[in-house]
Amino acid sequence: MINVIERIQGYLQREKIDCAFLTSTENVTYTTGFRSDPHERWLGVYIPAEGQAILICPGMEIEDAKSAGWHGPVIGYSDTESPLELLKAQAEEFKSIAIEKNHLTVERLELIQQVFGECQIYDAEHFMNKMRVIKTADEIKLLTKAAELADFAIETACSELAEGKTELDVLAKIEYELKKKGITEMSFSTMVLTGENASSPHGTPGETKIKHGDLVLFDLGVVYQGYCSDITRTVAFGDISDKQRDIYETVLKAEMTALEMVKPGVKASKLDLAARKVIEDAGYGDYFPHRLGHGLGLNVHEYPSITAESDIVLQEGMTFTIEPGIYVPGVAGVRIEDDVLVTEDGYKTLTKFPKSLQTF
Ligand code: MN
Ligand code: MN
């Protein structure tokens, strides 16, 4: 973890920024090893360009931070104390600060400026994204485990399918079985969508009943020791139409086409364009309304976005999703999503549930 802080200090020194103050759960986890959801309380790590980083957390969490492996200074505060005033007593004066513009609220930024005085604001996000985009061996282990649990969740979902069960029945079973395995947090709200409902890419599960001839779409992921998975599978319940089958096979071909291009040195935009071309050539170009994928790590959606315009070049150790879909209202909604790791000479999918059309 020290290594991460040293790299941030290198960035601060190069850019001549006095300090960084990171407040997102994910960047605090990344820099200190301590993961906490502080709700409305302050959580942050203050990193001066030179000297020791200080973790700021609710006083009641100090012991948790130490057992998570943070051995540096900690400022714990009670509900009647101001964490910023306590920090001011220990921090150097600063005239410039790097924060996460995407995360720190305007209210909090104003408070920082009230306590520390007017200062130049920089965005730490770009540097953090670039550092986090290449995963370490330890991170890959956790992402692999998170993906295995996502596969398990899909297996559970499939074994629960039955005529007349609702989307929410299946969803409840998935999350119940995961809880029994020690998973307390999903990486986003689990989606189980059947029939008509699946033709909205971001539909909401409800009381719709599964019936013969439906395609059923599951999109879910777990958080395992801070790291996220994100998988989508679409399966058939009973006999489906030729049109539904054609849509499924087109999405699968698009996904495989993009996957097989993954290796270091390839521009991310090429993957999106290639998958999109498969779908366009099959006549469904109007029905693939979203990007091909997104980075995956401590956040379920993180840098980089895999779009037709991403200029990022793939490198070994990157992890992201590939998830083409076709959504034709009244006919079918199909998406297939895998978690992908860029290896030295190609790729590995971390999610492994079969992709040939599964019928139940
Ligand atoms: Mn997903
Ligand atoms: Mn996704």
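Bear in mind the structure is a predicted one, so any value in this text is a computation, not a measurement.

What counts, and at which threshold
Residues numbered from 1 in each chain as written. Chains lettered and ligands numbered in written order. Predicted model: local features only at pLDDT ≥ 70, side-chain atom pairs only at ≥ 80, totals over all residues. Heavy atoms only, no water. Donors = N, O, S within 2.8 Å, 3.2 Å for Na, K, Ca; no water. Pairing = 2+ DSSP bridges. Helix = DSSP H or I, 4+ residues; strand = E, 2+ residues; numbered from the N terminus. Axes fitted to C-alpha atoms, helices over the stretch in contact; angles between N-to-C directions. Contact = heavy atoms within 4.5 Å. Buried < 20%, exposed > 50% of the residue type's maximum accessible area, 1.4 Å probe, protein only. Salt bridge = Lys/Arg side-chain N within 4 Å of Asp/Glu carboxyl O. Domains from an automatic or database assignment. Buried area = accessible area lost by both parts, 1.4 Å probe. Core = buried A, V, L, I, M, F, W, Y, C linked by side-chain atoms within 4.5 Å. Phe/Tyr/Trp six-rings, centres within 6.5 Å; stacked < 30°, edge-to-face > 60°.

Engineer: Looking at this structure, how should I read the coordination of the manganese ion (ligand 1)?
Structural biologist: Each donor-metal-donor angle would ideally measure 109.5 degrees in four-coordinate tetrahedral geometry, or 90 or 180 degrees in six-coordinate octahedral geometry. Around the manganese ion (ligand 1), the protein supplies D219 (OD), D219 (OD), D230 (OD) and E337 (OE) as donor atoms, at distances of 2.1 to 2.7 Å. Donor residues binding the manganese ion (ligand 1) come from one chain and are separated in sequence as D-x10-D-x106-E.

Engineer: Is there a simple way to think about the sheet that holds strand β11 (residues 231-237) in this case?
Structural biologist: Sheets are built from strands paired through backbone hydrogen bonds, the pairs being either parallel or antiparallel. One open sheet holds the three strands; their spatial order is β7-β8-β11, and the pairing between them is antiparallel. If you trace the sheet from one side to the other, it starts and ends with β7 (191-194) and β11, each paired once. Within the sheet, the average angular offset between the axes of one strand and its neighbour, ignoring direction, is 15 degrees. Strand direction decides the pairing type here: strand β8 (residues 214-220) and β11, joined by seven bridges, are antiparallel. Of the residues in β11, the one forming a bridge with D219 is T232. Across the sheet, helix α7 (residues 137-160) lies against β8 and β11, angled at about 150 degrees from β8, the strand it touches most.

Engineer: Got a minute to help me understand the pairing of strand β1 (residues 19-22) in this structure?
Structural biologist: The side chains of a regular strand alternate, residue by residue, between the two faces of the sheet. Side chains of β1 alternate between two faces, with C19 and F21 and A20 and L22 buried alike. Note: β1 against strand β5 (residues 96-99), two bridges, orientation parallel. Bridge pairing in β5 places C19 opposite I97. Note that β1 and strand β2 (residues 44-48) share four bridges and pair antiparallel. Each residue of the ladder has a partner; that of L22, found in β2, is V45.

Engineer: Is there a simple way to explain the pattern of salt bridges in this structure?
Structural biologist: Opposite charge on two side chains permits pairing when their charged atoms draw close. Considering all chains together, one arrives at 18 salt bridges under this definition. The partner of R276 in a salt bridge is D272, and the shortest N-O contact between them spans 2.8 Å. In this pair, R276 and D272 are both assigned in helix α10 (residues 268-281), four residues apart and thus about one turn of the helix distant. Residue D272 is classed as buried on the basis of its relative accessible area of 0%. Taken together, the salt bridges that share partners define one network made up of R233, E255, D338 and K355.

Engineer: Whenever I open this one, the domain arrangement of the chain confuses me. Can you help?
Structural biologist: Accessible area lost upon the coming together of the parts serves often as the stated size of an interface. Assigned domains of the chain: these are domain 1 (2-132) and domain 2 (137-349). Its C-alpha centre places domain 1 at a distance of 34 Å from the equivalent point of domain 2. Facing six residues of domain 1, the contacting portion of domain 2 comprises nine residues. Counting the surface lost from both domain 1 and domain 2, the interface buries some 720 Å², and carbon and sulfur atoms represent 49% of this. Ranking the residues of domain 1 by area buried against domain 2 places E26, R35 and R132 at the top, with a combined share of 61%. The tally of links between domain 1 and domain 2 comes to two salt bridges.

Engineer: Looking at this structure, how should I read the nonpolar core?
Structural biologist: A general feature of soluble globular proteins is that nonpolar side chains tend to end up buried together. Within the largest apolar cluster, 37 residues are counted, with the highest numbers of intra-cluster contacts made by I8, L12, I47 and M128. Residue assignment for this core shows that the elements contributing at least two residues are α1 (2-15), β1, α2 (25-32), β2, β3 (54-58), α6 (125-132), α7 and β10 (227-228). The greatest single-element share of this core, amounting to five residues, is contributed by α1. The two domains that each donate at least three residues to this core are domain 1 (2-132) and domain 2 (137-349). Not counting chain neighbours up to four residues away, the residues in contact with L12 comprise I17, C19, A20, I47, P48, A49 and A98.

Engineer: Which parts of the structure should I look at to understand the coordination of the manganese ion (ligand 2)?
Structural biologist: Protein coordination of the manganese ion (ligand 2) is provided by D230 (OD), H294 (NE2), E323 (OE) and E337 (OE), with donor distances spanning 2.1 to 2.2 Å. The sequence motif formed by the donor residues of the manganese ion (ligand 2) is D-x63-H-x28-E-x13-E. The distance between the manganese ion (ligand 2) and the manganese ion (ligand 1) comes to 3.2 Å, and D230 binds to both of them. You can see D230 sitting in the loop between β10 and β11 and its partner E337 sitting in the loop between β16 (332-335) and β17 (338-342), a full 107 residues away along the chain. As far as burial versus exposure is concerned, D230 and E337 are alike and both buried.

Engineer: Could you clarify how one ought to interpret the packing of aromatic side chains in this entry?
Structural biologist: For any two aromatic rings, the description comes down to two numbers: the centre-to-centre distance and the angle of the planes. Across all of its chains, the model carries three aromatic pairs by this definition. Seen from their ring centres, F94 and F116 are 4.7 Å apart, and the 25 degrees between their planes marks the pair as stacked. In this pair, F94 sits in the loop between α4 (83-90) and β5 while F116 sits in helix α5 (residues 106-116), placing the two residues 22 residues apart along the sequence. F116 shares its class with F94; the two are buried.

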